[in-house]
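Below are the chains, spelled out letter by letter.
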Amino acid sequence: MHSKVTTAPFTSFLKSAPLRTLFFWCALVPQIATLFASHSYRSLLLILAAVAGAFCSEAKNYIAKKNTSLSAAYALLSGTLTGFFLPPEFPLASAFFMTFLFMYTAKKIFGNSGVSWINPVALSVTGAWFVGHLFFGTFTIAGADLLAKNPSLNMIDEALLTNGVDEKITLFLNDTVFSFFGVSIPNGYVSLFWDNHAAIPAFRFAFWTLLASLFFFSFDLVKIEIPAVFLLVYCLLVRFASPLFTGGGPSEGDLLLALLSSGILFSSIFLLHWPGTVPYSMAGKIIYAALGGVIAFVFCGTGTSPFGAVATVLFMNIISPALQTIETRSLRKRLSSLLAIELGEAEK
């Protein structure tokens, strides 16, 4: 019905939503280019297969008249993000069919793009995990390693340390930035932020993810409240609560291991704030994000989980409708109270 309405609000929305979606995809281009530069061709083929599955799903919805328009930008973004969460060993045909099946199911059952209360990317990756969980593997760090100081150092690729680039950048940062705070970072952490060589692409490029977040926040494409509260709660739990379970000392949880090994950082920017899946009030967003941080700690622990970040997003999508229902009831009560006051004053 909206296609027949020509008033400005609907026209503006239909024009701006694909553009916003395209901006999100453009933020992924540097990571795609880095995959190509690092010869990660298998991951690129999986992304291509997932994009093809998303396009076919979008086309089927369009042909079946389940959609008011054919959203190529939406299919491009959702397919690319799905491919980013698949391990390189995952079969290409399965990547195509899983993306097609679950994205079509998401739109058919949970609503079209922009209004669905289930993130189609999280649903598709969850389906892929259930079908081929052996390809995803398990937690990649042993419990004994968590007792060591800075277990994230185990993720550092020795090849990057021997070429001298990491050492030069680390020395520069220690002399120009961290010296003001009286601290220094050891060699290797720069390499971790640039490329930690994780099997799943969404876990690899923290530098480009952080740069994308600055772009999103600057242009108001993503509200900072949700990722900020989400990461704050998760980091506090990792830092202070995780040692209680691993036998470490107080406040010895490794934040870098947690943020750089399970896709938590990537998910907080690209998935957690998906349109239609989050509350609309400030209080609702803060509660939603705080609960997400707790759930992320339950599913991902201190890091290296191959599926925990996506499971967190899907679990929060299930919780969100309840929060939005509470918001709606609260808004109705406030409006009723205001209306009663207005009527009372009018009678006087």
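Residues numbered from 1 in each chain as written. Predicted model: local features only at pLDDT ≥ 70, side-chain atom pairs only at ≥ 80, totals over all residues. Heavy atoms only, no water.

*Asks:* Honestly, the overall build of the protein in this entry has me stumped. Any pointers?
*Replies:* Broken down by element type, the protein carries 15 helices and zero strands. The buried share among the 348 residues of the protein stands at 45%. Sequence-distant contacts, at least 24 apart, represent 75% of the contacts inside the protein between residues at least 6 apart. Surface summary for the protein: the accessible area is close to 17,800 Å², and the carbon and sulfur share equals 71%. (Helix = DSSP H or I, 4+ residues; strand = E, 2+ residues; numbered from the N terminus. Buried < 20%, exposed > 50% of the residue type's maximum accessible area, 1.4 Å probe, protein only. Contact = heavy atoms within 4.5 Å. Areas by Shrake-Rupley, 256 points an atom, 1.4 Å probe, with all protein chains shown as cover.)

*Asks:* Any chance you could explain the environment of phenylalanine 266 here in plain terms?
*Replies:* Structurally, phenylalanine 266 can be placed in helix 13 (residues 264-270). Considering only alpha carbons, one finds phenylalanine 266 and tryptophan 208, 58 residues apart in sequence, at a separation of 9.6 Å. Not counting chain neighbours up to four residues away, the residues in contact with phenylalanine 266 comprise Leu28, Gln31, Leu81, Phe84, Phe85, Ala202, Thr209 and Leu271.

*Asks:* Explain the pattern of salt bridges here, please?
*Replies:* Oppositely charged side chains can pair when the atoms bearing their charge come close. A full pass over the atoms with the stated rule returns three salt bridges. Its salt-bridge partner being glutamate 58, residue lysine 107 comes within 2.4 Å of it at the nearest N-O pair. Of the two residues, lysine 107 is situated in helix 5 (residues 92-110) and glutamate 58 in helix 3 (residues 41-63); the sequence distance between them amounts to 49 residues. Classification of lysine 107 by relative accessible area gives buried; the value is 6%. Assessed through its relative accessible area of 3%, glutamate 58 is described here as buried. Note that aspartate 195 is salt-bridged to arginine 204, the shortest N-O span being 2.6 Å. Summarising the burial analysis for this pair, aspartate 195 and arginine 204 share the class buried. (Salt bridge = Lys/Arg side-chain N within 4 Å of Asp/Glu carboxyl O.)

*Asks:* What's the story with the packing of aromatic side chains in this structure? I'm lost.
*Replies:* Aromatic ring pairs: the centre-centre distance and the angle between the two ring planes describe each pair. For the coordinates displayed, the defined rule picks out 20 aromatic pairs. In textbook terms, an aromatic cluster arises when at least three aromatic residues are bridged by ring pairs, as seen for Phe23, Phe24, Phe84, Phe85, Phe215, Phe216, Phe219, Phe266 and Phe270. (Phe/Tyr/Trp six-rings, centres within 6.5 Å; stacked < 30°, edge-to-face > 60°.)

*Asks:* It is not clear to me how a nonpolar patch on the surface should be interpreted in this structure. Could you clarify?
*Replies:* Taken together, Tyr280, Leu331, Leu335, Leu338 and Ile341 make up a surface patch of nonpolar side chains, about 480 Å² in accessible area. Turning to its location among the elements, leucine 338 is positioned in helix 15 (residues 308-347). (Patch = residues over 30% accessible without salt bridge, like charges linked within 9 Å, V, L, I, M, F, W, Y side chains within 5 Å.)

*Asks:* It is not clear to me how unusual backbone geometry should be interpreted in this structure. Could you clarify?
*Replies:* Most peptide bonds take the trans form, and the phi angle of most residues other than glycine is negative. Residues other than glycine seldom take positive phi values, yet histidine 197 does so here, at roughly 60°. Classification of histidine 197 by relative accessible area gives partly exposed; the value is 40%. Its identity is not glycine, yet aspartate 220 carries a phi of approximately 60°, on the positive side. Here aspartate 220 lies in the loop between helix 10 (206-218) and helix 11 (225-246).

*Asks:* Teacher, can you tell me more about empty space enclosed by the protein here?
*Replies:* A water-sized probe rolled over the atoms picks out the places where empty space is left. Using the criterion set out here, one finds one cavity of 30 Å³ or more in the structure. Of the pockets and cavities examined, the largest cavity occupies roughly 60 Å³. Surrounding the largest cavity, Ala202, Phe203, Arg204, Phe205, Ala206, Thr209, Leu259, Leu260, Gly263, Leu265 and Phe266 form its lining. Elements with a contribution of two residues or more to the lining of the largest cavity: helix 10, helix 12 (255-260) and helix 13. Across the lining of the largest cavity, the residue classes tally to eight nonpolar, two polar and one charged. (1 Å grid on protein atoms, 1.4 Å probe; cavity = no way out; pocket = protein on both sides within 12 Å on 5 of 7 lines; lining within 4 Å. Points joined across faces, edges and corners; volume = space filled by probe spheres on them. Nonpolar A, V, L, I, M, F, W, Y, C, P; charged D, E, K, R; others polar.)

*Asks:* I would appreciate a short explanation of the environment of glycine 137 in the present structure.
*Replies:* By the element assignment, glycine 137 lies in the loop between helix 6 (120-136) and helix 7 (158-162). Overall, glycine 137 belongs to the partly exposed group, its relative accessible area being 33%. Along the sequence, glycine 137 and phenylalanine 307 sit 170 residues apart, while their C-alpha atoms lie 9.0 Å from each other.

*Asks:* When you look at the confidence of the model for the protein in this model, what are you seeing that I'm missing?
*Replies:* Low-pLDDT portions of the prediction should not be read for the details of their coordinates. Residue-level pLDDT values for the protein average 82, and 79% of them are 70 or greater. Within the protein, helix 2 (residues 29-37) carries the highest mean pLDDT (96), whereas helix 7 carries the lowest (49). In the model, residues 1-15 has pLDDT below 50 throughout and makes four contacts with residues more than four positions away in sequence or in other chains. (pLDDT = per-residue confidence, 0-100.)

*Asks:* Any chance you could explain helix 3 here in plain terms?
*Replies:* Each full turn of the α-helix corresponds to 3.6 residues, which orients residues three or four apart in the same direction. Its 23 residues give helix 3 an end-to-end C-alpha distance of 33 Å, which sits within 8% of 33 Å, the value for a rise of 1.5 Å per residue. Within helix 3, the full set of buried residues consists of Ser43, Leu44, Leu46, Ile47, Ala49, Ala50, Val51, Gly53, Ala54, Ser57, Glu58 and Asn61. Residues of helix 3 that are buried sit in contact with helix 2, helix 4 (72-84) and helix 5. (Expected span 1.5 Å × (residues − 1).)

*Asks:* Just checking my understanding: could you explain the packing of helix 4 against helix 6 for this structure?
*Replies:* Any two packed helices are characterised by the angle at which their axes cross and by the distance between the axes. Orientation of helix 4 relative to helix 6, taken along the N-to-C sense of each, is 40°, at an axis distance of 9 Å. As the angle between them shows, helix 4 and helix 6 are arranged oblique. Judged by the sense of rotation from one axis to the other, the crossing of helix 4 with helix 6 is right-handed. Side by side, helix 4 and helix 6 meet where Tyr74, Ser78, Leu81 and Thr82 of the first sit next to Pro120, Val121, Ser124 and Val125 of the second. Considering only residue class, the contact of helix 4 with helix 6 consists of five nonpolar, three polar and no charged. (Axes fitted to C-alpha atoms, helices over the stretch in contact; angles between N-to-C directions. Parallel < 35°, antiparallel > 145°, perpendicular 65-115°, else oblique. Left-handed = near helix turned anticlockwise from the far one by under 90°.)

*Asks:* Even after reading the chapter, I still don't get the nonpolar core, so can you show me in this structure?
*Replies:* Nonpolar side chains in soluble globular proteins tend to be buried together. In terms of nonpolar packing, the biggest core is built from 75 residues, with Leu81, Phe85, Phe216, Tyr234, Ile264, Phe266 and Phe270 touching the most fellow members. Non-local contacts of tyrosine 234, meaning those with residues more than four positions away in its chain, are made with Ala258, Leu259, Ile264, Gly293, Ala296, Phe297, Cys300, Gly301, Thr302 and Gly303. (Core = buried A, V, L, I, M, F, W, Y, C linked by side-chain atoms within 4.5 Å.)

*Asks:* I would appreciate a short explanation of the packing of helix 5 against helix 6 in the present structure.
*Replies:* Contact geometry of helix 5 with helix 6 gives a least axis separation of 9 Å together with a crossing angle of 130°. Classified by the angle their axes make, helix 5 and helix 6 are oblique. Considering how the two elements wind past one another, helix 5 and helix 6 form a crossing that is right-handed. Note on element contacts: helix 6 touches helix 5 through Pro120, Val121, Leu123, Ser124, Gly127, Ala128 and Val131, opposite Met98, Thr99, Phe102, Met103, Ala106 and Phe110. Considering only residue class, the contact of helix 5 with helix 6 consists of ten nonpolar, three polar and no charged.

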